[in-house]
Amino acid sequence: MSRLSRLVFGDIAVNGDDAWVCGVFYSALFHIDLRTLEISFLTILPARNIFGFNCYERLAYWNGKLIIAPNNSERILIYSIKENKISEIALPLELDIRQGQLFKSIFLYNNYAYMFPGLSQMVVKLDLFTNNIDCISIDLNVKQLNENNIGGIQFYEGVLAQKEKGVVYFPCLNTGFIMRFDMNCDGYSIYSIDGAKNIVSVNCTGEDFIISESNSTKMYIWDGLNKVEDFIIRKENYVSNTGMRKIFKYSNFIYFIPIMGNMILKMDCKNNSVSCFKQIPYDFSEKLRDLNWGENKNFICCKMISDNTLICYSVYDGKLVKLNFATGKTIEKDAIVNETDLKIIKKEVVKNGLGMILEEERGFSLDDIIIAVQ
C-alpha cells in the first residue's frame, strides 16, 4: 500500500453523523460517515501552490457549507455540500503565503469565521454572509516571549473557553506563554505560565485549563488568569517522548491523548490515579527519521463529536478511531482511499503540482505523469 492511498488529515468538521476532512498528501475533500467510519471521496480542491501538497487542512461546518482555511494556498474555499460546488475567496495581499502554515485553527462566531495563524501574526476574519475579509494583526514581542525563537512565534490549535463565550486560548509553541483572543471585541492578551518553557497544547476541562509541555509528562492546571498548579502524569509502562495532543474531561475522569505514545491515559479526578484507557501501537525503536510527515505521531487530529465520544486519527498506523468514554467501546477502521478515487486524485495532483511527483515515496510514478498529461 502506497503512502498516497492512506488518507491523512489534520482537522475534521462535524455536523451530526457527517464529517469532512481535507487530505494532506493531496488537495482533495472527503466525507466520513461517523456511524460506520466509511470514507468517500467528494472533490478535488484547487491547489494553489507549486507542490499541490497540504494546501488545505483546517475546516468548519456552517449552514450547509464547509469553510476551508488555507494552509499552503492563497485562497479561502467555500464548499456547498448540496451542490458539490466550490467558490474561492482571495486572501489579502498583506498575508505572506510563502512560509506556509497560514492557519492552524478556525472558529465560527456571530456569523464570522476566524482563521488563526500558524507561523504568521495575522488573524483573518471572514464575514460569512458578505465574504468580506478583515485582518487583525497580532503584535507580539518575539524576543520577550522567547529569545531562542528568532524566526517568529508559532501558534497551534486553539481551544474555546467554556466559561467565557467567544474566547479562544492558543499555545505559543516552545515558549511558556498562552495567547487569549476575544472574538467579541477582536482583542488579545498574553499570559505567562509560571514554570512552563515548551508548551505544545492548551485544553479546557471546564473552569480550568490543562497545559502540556513537549518532551515531558508534566502538566499545568491554569485558571485562565494567574493561578498555576503543576502535576506529573505517572503510569507504569507508559512510554512517550512528547506532550499531549488533546486532553478531554468526561464525568469524573480526564483523558490524555498523546502526540506520540503507547497509551491513551485516564485520570480519576477524585484521587488522581492514572490508568490505561486504551493501548495504542507505537514502537520507539523504529527509525523515526525514515517516516514521512506526521507518520511518527499517533494523533494529529482529535475532536469530540458528542458529550462522550471522540473521533481521532492516528497517522502512525493509519487508523480512524472512534472512542466512547462512557462505555469504553472503540471502533477502528483503516483510513484508505479506494483505487478508483486514487486514480482521479493522482491525475489532478500531477496536473496541479509537478514538483510533488518527483517524490516517489509519496506514491507517484512515471505512469501517473503519462496518464495525467494525455
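Everything that follows concerns the structure shown earlier in this document.
Residues numbered from 1 in each chain as written. Predicted model: local features only at pLDDT ≥ 70, side-chain atom pairs only at ≥ 80, totals over all residues. Heavy atoms only, no water.

Participant: Is there a simple way to explain the sheet that holds strand β19 (residues 218-222) in this structure?
Facilitator: One key point about sheets: their strands pair by backbone hydrogen bonds, in either a parallel or an antiparallel sense. With respect to topology, four strands assemble into an open sheet ordered β17-β18-β19-β20, the strand pairing being antiparallel. At either margin of the open sheet sits one strand with a lone partner, and together these are β17 (199-204) and β20 (228-232). Between one strand axis and the next, the sheet turns through 25° on average, direction left out of account. (Pairing = 2+ DSSP bridges. Helix = DSSP H or I, 4+ residues; strand = E, 2+ residues; numbered from the N terminus. Axes fitted to C-alpha atoms, helices over the stretch in contact; angles between N-to-C directions.)

Participant: Teacher, can you tell me more about the layout of surface pockets here?
Facilitator: The rolling of a water-molecule-sized probe over the atoms marks out the regions of remaining empty space. Size it by volume and the largest pocket reaches roughly 980 Å³. For the lining of the largest pocket, the elements supplying multiple residues, two or more each, are β1 (13-15), β5 (56-62), β9 (103-109), β13 (159-160), β17, β21 (244-250) and β25 (299-304). Per-class residue counts for the lining of the largest pocket are 20 nonpolar, seven polar and eight charged. (1 Å grid on protein atoms, 1.4 Å probe; cavity = no way out; pocket = protein on both sides within 12 Å on 5 of 7 lines; lining within 4 Å. Points joined across faces, edges and corners; volume = space filled by probe spheres on them. Nonpolar A, V, L, I, M, F, W, Y, C, P; charged D, E, K, R; others polar.)

Participant: I keep staring at the pattern of salt bridges and nothing clicks. Help me out?
Facilitator: A side chain with one charge may pair with a side chain of the opposite charge, provided their charged atoms come close. Evaluation of the coordinates by the stated rule reveals 14 salt bridges. The salt bridge involving lysine 227 is made with glutamate 229; its shortest N-O contact spans 3.7 Å. Under the relative-accessibility criterion, glutamate 229 is labelled partly exposed at 43%. The residue lysine 319 makes a salt bridge to aspartate 334 at a minimum N-O spacing of 2.8 Å. Placement of the pair is lysine 319 in strand β27 (residues 319-324) and aspartate 334 in strand β28 (residues 330-334), with a sequence separation of 15 residues. When salt bridges with common partners are traced through the structure, they connect Glu57, Arg58, Lys104, Glu157 and Lys246 into a single cluster. (Salt bridge = Lys/Arg side-chain N within 4 Å of Asp/Glu carboxyl O. Buried < 20%, exposed > 50% of the residue type's maximum accessible area, 1.4 Å probe, protein only.)

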